Amino acid sequence: MGVLSEGLTQILIPVAALIGIAFALLQWLLVSRVRVSAADHTDADNGYRKSLIGDAELENGVQSVEVINKCAEIQHAISVGATSFLFTEYRYLTIFMGVFGVIIFLFLGSVKGFSTQSEPCTYNKGNICKPALANALFSTVAFLLGGLTSVLSGFLGMKIATYANARTTLEARKGIGKAFVTAFRSGAVMGFLLSANGLLVLYIAINLFKLYYGDDWEGLYESITGYGLGGSSMALFGRVGGGIYTKAADVGADLVGKVEHNIPEDDPRNPAVIADNVGDNVGDIAGMGSDLFGSYAESSCAALFIASISSFGTNHDYTAMSYPLIISSMGIVVCLITTLFATDLFEIKNVSQIEPSLKRQLLISTILMTAGIAIVSFTALPSEFTLYNFGANEVVKNWHLFFCVAIGLWAGLVIGYVTEYYTSNAYSPVQDVADSCRTGAATNVIFGLALGYKSVIIPIFAIAVAIYVSFTLAAMYGIAVAALGMLSTIATSLAIDAYGPISDNAGGIAEMAGMRHEIRERTDALDAAGNTTAAIGKGFAIGSAALVSLALFGAYVSRAGIKTVNAMTPKVFIGLIVGAMLPYWFSAMTMKSVGSAALKMVEEVRRQFNSIPGLIEGRAKPDYANCVKISTDASLREMIPPGALVLLTPLIAGTLFGVETLAGVLAGSLVSGVQVAISASNTGGAWDNAKKYIEAGTTPHAVSLGPKGSDAHKAAVIGDTVGDPLKDTSGPSLNILIKLMAVESLVFAPFFAAHGGLIFKLL
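What you see is a predicted model; the values in this text were computed from it and never measured. Per-chain numbering applies: the sequence of each chain, read as written, is numbered from 1 onward. With pLDDT at 70 or above as the cut-off, local features in this predicted model cover only qualifying residues; side-chain atom pairs require 80 or more to be listed or tallied, and sums for whole chains, interfaces and linings still use all residues. To get the side-chain values, take all heavy atoms of the structure and skip hydrogens and water.

Undergrad: How should the overall build of the protein chain be read in this particular structure?
TA: By the criteria applied, helices consist of DSSP H or I runs no shorter than four residues and strands consist of E runs no shorter than two, each listed in order from the N terminus. Within the protein chain, the secondary structure is distributed over 23 helices and six strands. In this description the radius of gyration comes from C-alpha coordinates, and the expected globular size is given by 2.2 Å times residues to the power 0.38. Computed over its C-alpha atoms, the radius of gyration of the protein chain comes to 25 Å, within 12% of the 27 Å expected for a compact globule of 763 residues. Reported as C-alpha extents along the three principal axes, the dimensions of the protein chain are approximately 80 × 55 × 45 Å. Only protein chains enter the accessibility calculation, which uses a 1.4 Å probe; a residue is then buried when its area is under 20% of its type maximum, exposed when over 50%, and partly exposed in between. Of all 763 residues assigned to the protein chain, the portion counted as buried reaches 66%. Pairs of residues are marked as contacts when any of their non-hydrogen atoms sit within 4.5 Å. For the protein chain, the proportion of contacts with a sequence separation of at least 24, taken over those separated by at least 6, is 83%. When the accessible surface of the protein chain is totalled, it reaches about 25,200 Å², and 66% of it is carbon and sulfur. By the counting scheme adopted, Arg and Lys are positive, Glu and Asp are negative, and His together with the chain ends is not counted. In this description, the location of a charge corresponds to atom NZ of lysine, CZ of arginine, CG of aspartate or CD of glutamate. Counting 48 positive and 57 negative side-chain charges, the protein chain places the averaged centre of each group 1 Å from the other. Per-residue accessibility takes into account occlusion by the displayed protein chains alone, with areas from the Shrake-Rupley method and a 1.4 Å probe.

Below you can see the structure in the form of structure tokens.
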């Protein structure tokens, strides 16, 4: 037993979650105090009091009530559009959750013929466990809980972002520092709400399930794996649907507006501009929030399941069993302290300080969390214990787990910094891509693809080292807690990630409201740093997905009763090669979906420019609603086939070909998917920032490539539009593919072990 008692553990975990929620509410309160008074009105669609009419601030020398009124109007349109889309999407997902919940219950209940008889435990020999029917029921409940929490995470993130975007724009009138703090505080609200809610719901679910399961921890934590499945299922549709929405609008707006008509980004004359800004919130905010919640839920569930069949579970050591939850609790406290460095301790005085401040967040949180991990490891864990390792028990010491979590944490920092190097326009890789635009779009595309492929190298080595060290020290449990280590600072990661789309929206609002040029320059600087932080967030998500998937793979192999996975056997190898193909199939579907939707958007924007008299001169208003409808319809229709591919593959492979072939599919998709996801995300991020590098014109080299509207700039815009679906649809969604297939296989493993392999049985 560790130093920490069970009673204290039961108190510390919910208290940490409540502290996180309280801190999020405090940050929200501070954002809401941004001076935006005058025309107060209740907005039923948005669910809060909105007052965006300024005080005595001057706009171009006079009090510009009209301009600030325009900010309120645009924010309202973005918020209503995002809310409407998510409600429509969630209606579809509610049906999916109900149908898939029934499938989980029927498949798992049929393992023992829907028996209500208790039976001998699989791993804890000599003990009696609850019936399989109970596991089916509680796994279904956990799935629904995970799905609801994921949806809530995404929806709250969207509401916060649409609440903060215009406030960030208005604060930019007072200086870059004020705008930065408003955007960052808003991101922190999302980060702390998501991490705290995820922890609290999981803690409550475990304690409620325990009322039925009692001492049957094996069955309890088997059923809890449904929580991760629910979280990732919702994340998949959120990422794919939101990604298609935002990129269809973005590509349409850029190709017609910038390239054909040479008007600025976010110009109010562009019919797709509102759809583009709505898309930032439903894709980059709601989708990303659900994605990282899914990673957190799955890594926690994988670690808890493996622990339950090890000495922690068999000896009923609650504190040691709760080690993953205590790590997450410590992470909330560490991230709280880290946030203060950005919002209160260091002031941003000029544009050049923005990116270093965000990078400092990663470094500070990693250093503090390393100390936090040491405290948790040496107080919560016994000095020596055994962990389940593919049928054997491996003796492990508490300092082994400290190194496992710490190496996952530091591997995440390495991935974050490498991603920043390859996607920030402050460094030579992106500057080289920008320079290649001199000779046209083709060379830009070639350089960008090469950058993306090259950016895979160091992150893969970092993941490989983390896997080897953690597995050597603590078997599959070590890999699971290494993934948790990478996600332990999720509140900070989400804060710097959500900061990007909020800043992007702030810039769009400034342009559409006709605010003076200096305001747009400030928001552009915030947005450029935001693009890099978004890429860093995607890097964290992909890196953690690799570790989470491997941990889930180990848990699946254990639960399915597979002794060894031999790649030389035909059953495994065919799964391996098919699994490696799946990320390409999935990417083809999502890229084609964005392309088809963008084609309709381009045609609609062209139609409006050609048929609405005075639109290009600014004398008439475009029909924004029609473009919003095109994005909405396309995303809801096109998200279904990729989602079906991911969800049906494990069910078909396990049922028809058996547990060994499915193991091959999981391994193949993991190895292939991580590479494709990193290269796609970084290629798109580099193209985006190469375009912004030329637009900003802050160096002699950038000035020589510009200005906006030059041939080099048009080539950069084309590269950016090619990269949009890579970095915001296909790339981020691939990490959900590898996680979701793994956790789904884990949940359905008893069914596949009992009834799977029908084709091979017939042969």
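Once you've had a look at it, read on.
Undergrad: Honestly, unusual backbone geometry in this entry has me stumped. Any pointers?
TA: Trans is the common state for peptide bonds, and a negative phi is the common state for residues other than glycine. Not every positive phi belongs to a glycine, and N262 is a case in point at roughly 55°. Turning to its location among the elements, N262 is positioned in the loop between α5 (217–260) and α6 (273–308). N262 sits in the partly exposed class, given a relative accessible area of 47%. Despite not being glycine, H316 shows a phi value in the positive range, around 55°. Note that H316 resides in the loop between α7 (311–314) and α8 (318–321).

Undergrad: What exactly am I supposed to notice about the packing of aromatic side chains here?
TA: A ring pair, where both rings are aromatic, is described by two values, the distance of the centres and the angle of the planes. Pairing of aromatic rings covers Phe, Tyr and Trp, the last through its six-membered ring, and needs centres within 6.5 Å; plane angles under 30 degrees mean stacked, over 60 mean edge-to-face, and all others mean tilted. Taken as a whole and judged by the stated rule, the model has 32 aromatic pairs. Aromatic pair F341 and F346: ring centres 6.1 Å apart, planes at 20°, arrangement stacked. Two conditions define a charge located above a ring, namely a distance within 6 Å from the ring centre to NZ of Lys or CZ of Arg, and an angle within 35 degrees of the ring normal. The ring of Y212 carries K130 above its face, with NZ or CZ at 4.9 Å from the centroid.

Undergrad: When you look at the packing of α5 against helix α19 (residues 640–657) in this model, what are you seeing that I'm missing?
TA: A pair of packed helices is characterised by two quantities: the angle between their axes and the separation of those axes. One can describe the packing of α5 onto α19 by two numbers: an axis separation of 10 Å at closest approach and a directional angle of 155°. Taken together, the axes of α5 and α19 lie roughly antiparallel to each other. Crossing geometry of α5 relative to α19 is assigned as right-handed. Contact residues: S233, L236, F237 and V240 in α5; P642, G643, V646 and L647 in α19. For the contact of α5 with α19, the residue count by class is six nonpolar, two polar and no charged. Helix axes are fitted only over the stretch in contact, all axes being lines through C-alpha atoms; the angle between N-to-C directions runs from 0 to 180 degrees. Each angle gets one of four labels, with under 35 degrees taken as roughly parallel, over 145 as roughly antiparallel, 65 to 115 as roughly perpendicular, and the rest as oblique. Helix crossings get a hand from a simple test, with the near helix turned counterclockwise from the far one by less than a right angle marking a left-handed crossing and a clockwise turn marking a right-handed one. Residues are grouped as follows: nonpolar covers Ala, Val, Leu, Ile, Met, Phe, Trp, Tyr, Cys and Pro; charged covers Asp, Glu, Lys and Arg; every other residue, Gly included, is treated as polar.

Undergrad: Could you clarify how one ought to interpret the side chain of S558 in this entry?
TA: With respect to the element layout, S558 can be found in helix α16 (residues 517–559). A polar side-chain atom of S558 sits 3.0 Å from the main-chain carbonyl oxygen of G554. In contact with S558, other than residues within four places in its own chain, are Y123, I309, Y388 and F390. Polar contact is the term for a pair of N or O atoms within 3.5 Å; when the atoms are in protein, one must be able to donate a hydrogen and the other to accept it, and sequence-neighboring residues count only if both atoms are side-chain atoms.

Undergrad: Honestly, the nonpolar core in this entry has me stumped. Any pointers?
TA: The nonpolar side chains of a soluble globular protein tend to be buried, and buried together. Among buried residues, the Ala, Val, Leu, Ile, Met, Phe, Trp, Tyr and Cys ones that are joined through side-chain atoms within 4.5 Å form a nonpolar core. Grouped together as the largest cluster of nonpolar side chains are 229 residues, with contacts concentrated most on F180, Y323, I354, Y477 and Y556. Considering every element that reaches this core, the biggest residue donor is helix α4 (residues 176–213), with 21 residues. Among all residues touching Y323, those that are not within four sequence positions of it are I373, V376, S377, A380, L381, L401, F402, V405, Y477 and V481. Judged by nonpolar contacts, the second largest core, of 19 residues, contains A686, W687, A712 and L726.

Undergrad: Would you take a moment to explain helix α3 (residues 132–171) for this structure?
TA: One turn of the α-helix equals 3.6 residues, which is why residues spaced by three or four share an orientation. Under the convention used throughout, the expected extent of a helix is 1.5 Å for every residue step, that is, one less than its residue count. Helix length check: α3 (40 residues) gives 57 Å between terminal C-alpha atoms against 58 Å at 1.5 Å per residue, within 8%. The largest bend in α3 is about 30°, located at A164. By the criterion of burial, α3 is predominantly enclosed, with 32 of the 40 residues buried. By definition, a residue's bend is the angle between the axes fitted to the seven residues ending there and the seven starting there.

Undergrad: Is there a simple way to think about the state of the cysteines in this case?
TA: Chemically, a disulfide is nothing more than a covalent bond linking the sulfur atoms of two cysteines. Working definition: a disulfide is two cysteine sulfur atoms within 2.5 Å of each other. For the structure on display, the rule yields zero disulfides. C404 takes part in no disulfide bond, and the closest cysteine sulfur to it belongs to C301, at a distance of 19 Å. On the basis of relative accessibility, which here comes to 0%, the residue C404 falls in the buried class.

Undergrad: Sorry, what's going on with a nonpolar patch on the surface here?
TA: For patch building, the residue pool is restricted to those with more than 30% relative accessible area and no salt bridge; the joining distance is 9 Å between like charges and 5 Å between nonpolar side chains (Val, Leu, Ile, Met, Phe, Trp, Tyr). Salt-bridge detection follows one rule: a side-chain nitrogen of Lys or Arg within 4 Å of a carboxyl oxygen of Asp or Glu. Among the surface-exposed residues, L8, I11, L12, V15 and I19 lie close enough to one another that they form a single nonpolar patch of about 390 Å² accessible area. Residue position: L8 is located in helix α1 (residues 6–32). A residue is classified by how much of its surface remains accessible, and L8, at 38% relative accessible area, is partly exposed.

Undergrad: Help me understand the packing of helix α2 (residues 65–109) against α3 in this model?
TA: Across the interface, α2 lies against α3 with an axial gap of 10 Å and an inter-helix angle of 170°. Relative to α3, the element α2 lies roughly antiparallel. Grouping the constituent residues of the contact of α2 with α3 by class yields 26 nonpolar, twelve polar and two charged.

Undergrad: What exactly am I supposed to notice about the side chain of S232 here?
TA: Within the secondary structure layout, S232 lies in helix α5. Look at S232 and you get buried, because its relative accessible area is 0%.

Undergrad: Is there a simple way to explain the confidence of the model for the protein chain in this structure?
TA: Low pLDDT marks regions whose predicted coordinates should not be analysed in detail. For the protein chain, per-residue confidence averages 87 on the pLDDT scale, and residues scoring 70 or more make up 96% of the total. Residue-level confidence of the predictor, termed pLDDT, takes values from 0 up to 100. Between the elements of the protein chain, mean pLDDT differs from a low of 38, seen in strand β2 (residues 48–50), to a high of 95, seen in helix α13 (residues 441–454). The low-confidence segment residues 37–58 (pLDDT under 50) makes 57 contacts with residues lying over four places distant or belonging to another chain.

Undergrad: Looking at this structure, how should I read helix α22 (residues 711–755)?
TA: Relative to the 66 Å expected for 45 residues at 1.5 Å per residue, α22 spans 62 Å between its end C-alpha atoms, a close match to the ideal helical length. At F748, α22 shows its maximal bend, which comes to roughly 60°, and the proline P750 appears one to four places after that position. Of all 45 residues making up α22, 37 are buried, and the element is well covered by its neighbours. Among the residues trailing α22, G757 stands out with phi positive, at a value near 75°.

Undergrad: Explanation requested: the environment of F96 in the structure shown.
TA: When you line up the elements, F96 lands in helix α2. C-alpha of F96 to C-alpha of I19: the two residues are 77 residues apart in sequence and 34 Å apart in space. The contacts of F96, once residues within four sequence positions are left out, are F143, S233, M234, F237 and L647.

Undergrad: Help me understand the pattern of salt bridges in this model?
TA: Opposite charge on two side chains permits them to pair, given that their charged atoms come into close proximity. Within the structure shown, the criterion is met by 29 salt bridges. R185 is paired through a salt bridge with D344; the nearest N and O atoms lie 3.9 Å apart. Placement of the pair is R185 in helix α4 and D344 in helix α9 (residues 323–345), with a sequence separation of 159 residues. The closest approach of N and O atoms between K629 and D633, which form a salt bridge, is 2.7 Å. In this pair, K629 and D633 are both assigned in helix α18 (residues 624–638), four residues apart and thus about one turn of the helix distant. On the basis of relative accessible area, K629 is assigned to the partly exposed category, the value being 48%. Several salt bridges converge on common partners, so that one network encompasses K247, D250, D527, D688, K691, K692, D720, D724, K727 and D728.

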